[in-house]
Amino acid sequence: LIMLLVFAGVARAQDAACPLGGYIDMTTGACSYGITVSVAYPDWLSESEAAATAVGTMINEVQTGFLSDLSLMVGPYFNGAYLHVSAQEFEHGAPLRSIVFIISTYTGGAHGNLYYDSVTVDTFANRELSLADDIFVPGTDVIAALQPLVVAQLVEQQGEFADLEWINSGTDGLDDYQAWAI
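Attention in this report is confined to the structure presented alongside it. (Residues numbered from 1 in each chain as written. Predicted model: local features only at pLDDT ≥ 70, side-chain atom pairs only at ≥ 80, totals over all residues. Heavy atoms only, no water.)

1. A closer look at helix α2 (residues 49-73)
An α-helical turn contains 3.6 residues, so any two residues separated by three or four positions project in the same direction.
Part 1 of the reasoning: In this model α2 runs 36 Å from its N-terminal to its C-terminal C-alpha over 25 residues, within 8% of the 36 Å that 1.5 Å per residue would give.
Part 2 of the reasoning: Here α2 has its buried residues at Ala-50, Ala-51, Ala-54, Val-55, Met-58, Ile-59, Val-62, Phe-66 and Leu-70.
Part 3 of the reasoning: Taken together, the buried residues of α2 touch β3 (35-39), β4 (81-92), β5 (96-106), β6 (113-122) and β7 (127-128). (Helix = DSSP H or I, 4+ residues; strand = E, 2+ residues; numbered from the N terminus. Expected span 1.5 Å × (residues − 1). Buried < 20%, exposed > 50% of the residue type's maximum accessible area, 1.4 Å probe, protein only. Contact = heavy atoms within 4.5 Å.)

2. Brief notes about the pairing of β5
Part 1 of the reasoning: With 9 of 11 residues buried, β5 lies mostly within the body of the structure.
Part 2 of the reasoning: Of the pairings in the sheet, the one linking β4 to β5 comprises 11 bridges and is antiparallel in character. Within β5, the residue paired with Glu-89 across the bridge is Ile-99.
Part 3 of the reasoning: Once β4 ends, the chain turns through 3 residues before running back antiparallel as β5, passing Gly-93 with a positive phi of about 75°.
Part 4 of the reasoning: In terms of strand pairing, β5 meets β6 through 10 bridges, oriented antiparallel. Bridge pairing in β6 links Val-100 to Ser-118.
Part 5 of the reasoning: Count of turn residues in the β5/β6 antiparallel hairpin: 6 residues, of which Gly-108 carries a positive phi of about 120°. (Pairing = 2+ DSSP bridges.)

3. Things to note about the nonpolar core
Grouped burial of nonpolar side chains is what soluble globular proteins tend to show.
Part 1 of the reasoning: Core analysis: the biggest nonpolar cluster contains 19 residues, and Val-55, Phe-101 and Ile-103 have the highest contact counts within it.
Part 2 of the reasoning: Every element with two or more residues in this core is listed here: α2, β4, β5 and β6.
Part 3 of the reasoning: For this core, the leading source of residues is α2, giving 8 residues.
Part 4 of the reasoning: Apart from residues no more than four positions distant in its own chain, Ile-103 is found in contact with Met-58, Val-62, Leu-83, His-84, Val-85, Asn-113, Leu-114, Tyr-115 and Asp-117.
Part 5 of the reasoning: Among the nonpolar cores identified, the runner-up in size contains 7 residues, and Leu-129, Ile-143, Leu-146 and Tyr-177 belong to it. (Core = buried A, V, L, I, M, F, W, Y, C linked by side-chain atoms within 4.5 Å.)

4. Some points on the layout of surface pockets
Part 1 of the reasoning: Its volume calculated, the largest pocket comes out at about 1,000 Å³.
Part 2 of the reasoning: Residue lining of the largest pocket: 34 residues in total, with Asp-176, Tyr-177, Gln-178, Ala-179 and Trp-180 positioned closest to the centre.
Part 3 of the reasoning: Residue assignment for the lining of the largest pocket shows that the elements contributing at least two residues are β4, β6, α3 (131-134), α4 (142-158) and α5 (164-169).
Part 4 of the reasoning: The biggest single contributor to the lining of the largest pocket is α4, with 7 residues.
Part 5 of the reasoning: Per-class residue counts for the lining of the largest pocket are 21 nonpolar, 10 polar and 3 charged. (1 Å grid on protein atoms, 1.4 Å probe; cavity = no way out; pocket = protein on both sides within 12 Å on 5 of 7 lines; lining within 4 Å. Points joined across faces, edges and corners; volume = space filled by probe spheres on them. Nonpolar A, V, L, I, M, F, W, Y, C, P; charged D, E, K, R; others polar.)

This is the structure we're talking about:
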């Protein structure tokens, strides 16, 4: 009986938020029902084949993952879904350009998800750059160069709640730096 009351309370809270069903779109703040997909990317991609290929591949992977997640959620209790991809650009000198993609998804459940992906290109050489192979002087230990800087920023951001062991464990490998910009 207690479990029924807990679940009923949750259902009522969700009903009050969107009285006609659906979900609160975290990007717009509005109640929505159905499936929304919006993808934004820079218009200069046509100037760089490498950038267009890298961004196109990334967007295809994001959309495929979203549709795969969505296929697991569609059913009698489906309340809608969204995929929003926005882009923030960074330019360092004339040829080096980074695009950080902010990816927000909802495919059901208590909350949506937010994550980042990025593409960095040398537009003169027309090639995508790798953090491990192209940004640092050859022979540089990338983790030894980056980790102290990242750890210091995270400790500052988290203040008294910073857990140094947890922060170090999440900054000690190249896989921890999947989204980056210059």
